[in-house]
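# Observations on chain architecture
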Amino acid sequence: MVLMQALLGRIFLRVGRVQTVGYLKQILRWLKSKVERDGENKILPLTYKEITKMNNQIPYIPARYYFKILDILESRNITTEEILSEINIDLKKYLSSPDMKMNQEQVEKFISFCLKFPRNYDLAFELGHSLKVSSHSLVGYAILTSENLEQALIYISKYFSLIIPSFRLSYFYHTDQSMELICEPVIQIDTLSLNFHLEAIAVALHCTIHELVENRLLPYHIFMSINEPLHGYRYAHLSKVKFHFNTLKKPSFRVQLSEKLIKQKLRLADEGTRKAIELKCQEQIYEIKNNIDLVVWLKQLFLNSSDIPSLEDCAKLLNISGKTLQRNLKEKETSYQELKNTVIIDKAKQMLISSNKSMIEIAEELGYASASNFSRSFKFFVGIAPTIYQKNIKTYN
């Protein structure tokens, strides 16, 4: 896939956009035939391997996006050997295995290293601006062959966990049939890395929309939780989009697109190719699921989320239906609500032990309507009131 991207880049430089599209169609026809041949192996029913530990190394994130930063750093005369060694990333290994992944700790260290240089204040913008649809491997080619922008955005949302699994992208429609996308983290991420990713993903999404509809792009809006960056003036030069900074309370961004815009047809629309490629995307999702313990994964997700995701949100992250998730949990002799209650009580215990927060503050943070509701719930699951639990722990210590 990396070779294909490099080849397309050279073709574009030599012959321009129109002929490049022709070459890309030929490549997609070849890819379709290859995927159909490979797809003869049937997807096995979903099973979950038992594992004993799942920590901050999950989810694993494709390294290809972060290695694009290396070119930017080199152009700014910043050496990266030290940080790559520190986070245990072998560049030669990546070049021979472009699907290599990084864990969340490695990503945060890498971003922290990059942003310690003052000249890199615009690095997230540069990264987002450098990404093309084909940068997203198979998902990118499924997007390219979608019927219209709406279908492409639905596919991006559906397979966002293959692009960057530490975030989710959801969508809904307004009464006027306009579409709104919401991007937010699904795990706890340090503030520096979180803001970096929100900016990079938002800019990359705009560039994707622009690339797909080309000169038929219509005005639309993106609302960001981050403050306006020092390079805010660069956003004024992005075509047809208006960014609104510091407009959301929760770390996230929202994209509002009109019905007319999302109905724009795509130049490379090919239903047969798209369906064939989607089968491979489904296989990748199944491979990920087959290598996690569902119960442990959900507990980790709940523990690292400021707001515990709903059953349907969890199912979307796993690319399965809510009913399938419930059935799989039942096979594990548990349920979504039981896991949620367990995690909430665990969080409550931790706050009672290690923080100076009042019962009202703890109740509010855990999503209870009042301190009395929290107290009743805690006593139901633990057997004693939270105030007594806190007093007993402090006395014991």
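For the structure itself, look to the data block above.
Quick summary incoming for the structure in this document. Quantities reported herein were computed from a predicted structural model and do not represent experimental measurements.

Another point: unusual backbone geometry. Although it is not a glycine, Asn77 adopts a positive phi angle of roughly 60°. Within the element layout of this structure, Asn77 appears in the loop between α3 (64–75) and α4 (81–86). Judged by its relative accessible area of 71%, Asn77 falls in the exposed class. The phi dihedral of Lys240 falls on the positive side, at around 65°, and the residue is not glycine. Along the chain, Lys240 falls in the loop between β5 (220–224) and β6 (241–244).

Bringing helix α8 (residues 137–144) into the picture now. Among the eight residues that make up α8, eight are buried, leaving the element largely enclosed by the rest of the structure. Burial in α8 covers these residues: Ser137, Leu138, Val139, Gly140, Tyr141, Ala142, Ile143 and Leu144.

Before going further, it helps to spend a moment on the packing of aromatic side chains. Per the stated rule, a full pass over the model turns up 13 aromatic pairs. Between Phe380 and Phe381, the ring centres sit 5.1 Å apart and the planes meet at 90°, which makes this aromatic pair edge-to-face. Looking at Phe380, the relative accessible area reads 66%, which means it is exposed. Note on Phe381: relative accessible area 42%, which makes it partly exposed. Members of the aromatic cluster, joined through ring pairs, are Phe125, Tyr235, Phe243 and Phe245.

Take the sheet that holds strand β3 (residues 167–173) next. For sheets, the rule is that strands pair by backbone hydrogen bonds, running either parallel or antiparallel. Spatially, five strands are ordered β3-β4-β7-β5-β6 in an open sheet, and the strand pairing comes out mixed. In this open sheet, the two strands that pair with only one neighbour each are β3 and β6. Neighbour-to-neighbour, the strand axes of this sheet turn through a mean angle of 15°, independent of strand direction. Summarising the sheet, strand β4 (residues 179–185) and strand β7 (residues 253–257) pair through five bridges and their orientation is antiparallel. Its bridge partner being in β7, Ile182 is matched across the sheet by Arg254.

Here the focus is the pairing of β3. In the sheet, β3 pairs with β4 via seven bridges, with the strands oriented antiparallel. Counterpart to Leu169 in the pairing with β4 is Cys183. Counted along the chain from β3 to the antiparallel partner β4, the turn is five residues long, and its residue Gln177 has a positive phi close to 70°.

What follows concerns the nonpolar core. Counting residues in hydrophobic clusters, the biggest one holds 101 residues, and the most contacted among them are Ile69, Phe110, Leu153, Phe253 and Leu325. It is helix α11 (residues 191–213) that provides the largest number of residues to this core, a total of 13 residues. The contacts of Phe110, once residues within four sequence positions are left out, are Tyr66, Ile69, Leu70, Ile83, Leu84, Ile87 and Met102. Formed by twelve residues, the second largest nonpolar core is a distinct cluster that contains Met359, Ile362, Leu366 and Phe378.

Let's shift gears to the pairing of β6. One face of the sheet, then the other: side chains in a regular strand alternate in exactly this way. Here β6 shows one buried face, formed by Val241 and Phe243, and one open face, formed by Lys242 and His244. By the bridge criterion, four bridges tie β5 to β6 in an arrangement that is parallel. Of the residues in β6, the one forming a bridge with Phe223 is His244.

Across all of its chains, the model carries eleven salt bridges by this definition. Salt-bridge contacts for Glu126 lead to Arg234; the nearest nitrogen and oxygen are separated by 2.7 Å. With Glu126 in helix α7 (residues 123–130) and Arg234 in the loop between β5 and β6, the pair connects residues that are 108 residues apart, well separated along the chain. Given the relative accessible area of 22%, Glu126 is considered partly exposed. Put simply, Glu365 and Lys357 hold a salt bridge, and the shortest N to O gap is 2.4 Å. Overall, the relative accessible area of 44% leaves Glu365 in the partly exposed class. Look at Lys357 and you get partly exposed, because its relative accessible area is 33%. If you follow the salt bridges from partner to partner, you end up with Arg76, Asp122, Glu126 and Arg234 in one network.

Definitions and limits used
- Residues numbered from 1 in each chain as written.
- Predicted model: local features only at pLDDT ≥ 70, side-chain atom pairs only at ≥ 80, totals over all residues.
- Heavy atoms only, no water.
- Helix = DSSP H or I, 4+ residues; strand = E, 2+ residues; numbered from the N terminus.
- Buried < 20%, exposed > 50% of the residue type's maximum accessible area, 1.4 Å probe, protein only.
- Phe/Tyr/Trp six-rings, centres within 6.5 Å; stacked < 30°, edge-to-face > 60°.
- Pairing = 2+ DSSP bridges.
- Axes fitted to C-alpha atoms, helices over the stretch in contact; angles between N-to-C directions.
- Core = buried A, V, L, I, M, F, W, Y, C linked by side-chain atoms within 4.5 Å.
- Contact = heavy atoms within 4.5 Å.
- Salt bridge = Lys/Arg side-chain N within 4 Å of Asp/Glu carboxyl O.

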